[in-house]
Structures are given as structure tokens and as C-alpha cells.
Amino acid sequence: SWKAKADELAQGIKNCFWIDGKNYFGAYYIGLPVSSLYEGYETLGESLSVLTGIAPAGTETDVLSAVKPGRWGMSVVAPQLSGIKSYHNDAVWPFVQGYRCLALKKAGDFDSCEKEFASMVYTSSLFRTFRENFRASDCDMDGTELSSDRQLWSVGSWLSLMYKIVCGIDFTSEGLSVKPLVFDSLKNGV
């Protein structure tokens, strides 16, 4: 019965949130006074739609590239809203970058996966820790609504990339699979 419920939920997400022509899912519904889909981009949800197979077949790359990442990584929401302090708005969250990186690998977009991975390397080196989040516009760790050092979910995201991207370890119904993704920058020592 759980499989049937999961299938029903996946179909409901496709039916209610998919935006034809934009090839990604809307972020949420606004209830009153009139119910309407907010067509903003929400990076974690889009990444999870690819990882779970909810994104329609053949659209995975479209879903992940509908909004371009900034210099410091992909903001968790788009478009950015003026007058709203950084937290979800104008913010990169390393744990979300991890999910996006895994989704990019699954979609076969290895160049974008490498760029997101490199962004995590750079910012963790810059801050000398895995921040909860930082401003997408200027890579500043100050001025967000809330952020802290050594966030377990950011560290967990990094470890996931080490295991699932660099080492290529994955669990399948047939058993353990090992398919490392060796980025060009790692091959060339750049």
C-alpha cells in the first residue's frame, strides 16, 4: 500500500506543480484569495524531483538548468526578492548544493556537477567550515537571517559527495555499485 501511496503522491506532484514551457516544478501554491501556483524555482525540490524520478523522463537536465547558478553556487530560490533579508532569498545552502550535485550526476550533466562541487570546495575553504548558508550575491557569511558554522547537514552533504560522486558508491536493488565521477580538473591536477 505504501508503493501505491508513493505513486499517487508522485503523480499529484506532476499534475499540480509541473509548469509546461518552463520545464520545472512550481515552488508552492498560494491559497487565498485565489489558489494559484507560484512559479518560482526552488532548488532543493527540483533536485529531489530528479533524484526520485518524479521529473518527467527526458526533462532532468531542463529542470536542473532552468535557473543558472551564480558565481558562488545555486541560490536556494529564484527569483530573488528585494527587501527580504538573506536566508532562503539570496542564499546558497551547502546541503542543497549537495543534492543538486547528486541530481546533476544522475542527469549526466557532469560539467555543471563539477562546477557545483568546486563551489563547495571553494566556499568551505574560504570560511574554513561548512556554513549553514551564505549570501549568493557576494559570498558573505554575515548578514543572513540565521547561519552558523559546522552544520551537520552541510558536512553530511559534503560526505555524500565524497562517497557518491568522487568514490561513486551507490546502493541499487542488485547490490553495491561503484562508478566514480572523476572531474577533468581532478584528472589534470588543476
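Residues numbered from 1 in each chain as written. Predicted model: local features only at pLDDT ≥ 70, side-chain atom pairs only at ≥ 80, totals over all residues. Heavy atoms only, no water.

A. Highlighting the packing of aromatic side chains. In this structure the tally under the stated criterion is 14 aromatic pairs. Consider the rings of Y28 and Y38, whose centres lie 5.0 Å apart with planes at 25°: the pair is stacked. Here Y38 lies in strand β4 (residues 36-38) and Y28 lies in strand β3 (residues 28-30), a separation of ten residues in the sequence. What makes Y38 partly exposed here is its relative accessible area of 24%. Seen from their ring centres, F95 and Y99 are 6.2 Å apart, and the 85° between their planes marks the pair as edge-to-face. Placement of the pair is F95 and Y99 together in helix α4 (residues 94-107), with a separation of four residues, close to one helical turn. (Phe/Tyr/Trp six-rings, centres within 6.5 Å; stacked < 30°, edge-to-face > 60°. Helix = DSSP H or I, 4+ residues; strand = E, 2+ residues; numbered from the N terminus. Buried < 20%, exposed > 50% of the residue type's maximum accessible area, 1.4 Å probe, protein only.)

B. Local environment of the pattern of salt bridges. This structure, assessed with the given rule, holds five salt bridges. For R100, the salt bridge goes to E116, with nearest N and O atoms at 2.5 Å. Taken together, the positions of R100 in helix α4 and E116 in helix α5 (residues 110-127) put the pair 16 residues apart, joining distant regions of the chain. The exposure class assigned to R100 is buried, which follows from its relative accessible area of 3%. (Salt bridge = Lys/Arg side-chain N within 4 Å of Asp/Glu carboxyl O.)

C. A look at the pairing of strand β9 (residues 169-172). Relative to strand β10 (residues 175-178), β9 runs antiparallel, the two being bridged by four bridges. Paired with I169 across the bridge in β10 is V178. What sits between β9 and β10 in their antiparallel hairpin is a turn of two residues. (Pairing = 2+ DSSP bridges.)

D. Helix α6 (residues 152-166), seen in detail. For α6, with 15 residues, the first-to-last C-alpha span of 20 Å sits near the 21 Å given by 1.5 Å per residue. S154, S157, W158, S160, L161 and I165 are the residues of α6 that are buried. What you see down the axis of α6 is that its buried residues fit within an arc of 160°, all on one side. On its buried face, α6 sits against α4 and α5. The positive-phi residue at the C-terminal boundary of α6 is G168, with phi of around 75°. (Expected span 1.5 Å × (residues − 1). Arc of directions from axis to C-beta. Contact = heavy atoms within 4.5 Å.)

E. A look at empty space enclosed by the protein. According to the stated counting rule, one finds one cavity of 30 Å³ or more in the structure shown. What the largest cavity holds in volume is close to 40 Å³. The wall of the largest cavity is formed by P94, M120, T123, S124, F127, T129, F130, R131 and F134. Counting residues per element, the lining of the largest cavity draws most heavily on α5, which supplies four residues. Class assignment for the residues of the lining of the largest cavity results in five nonpolar, three polar and one charged. (1 Å grid on protein atoms, 1.4 Å probe; cavity = no way out; pocket = protein on both sides within 12 Å on 5 of 7 lines; lining within 4 Å. Points joined across faces, edges and corners; volume = space filled by probe spheres on them. Nonpolar A, V, L, I, M, F, W, Y, C, P; charged D, E, K, R; others polar.)

Treat this as a map of the structure, not an account of what it does.
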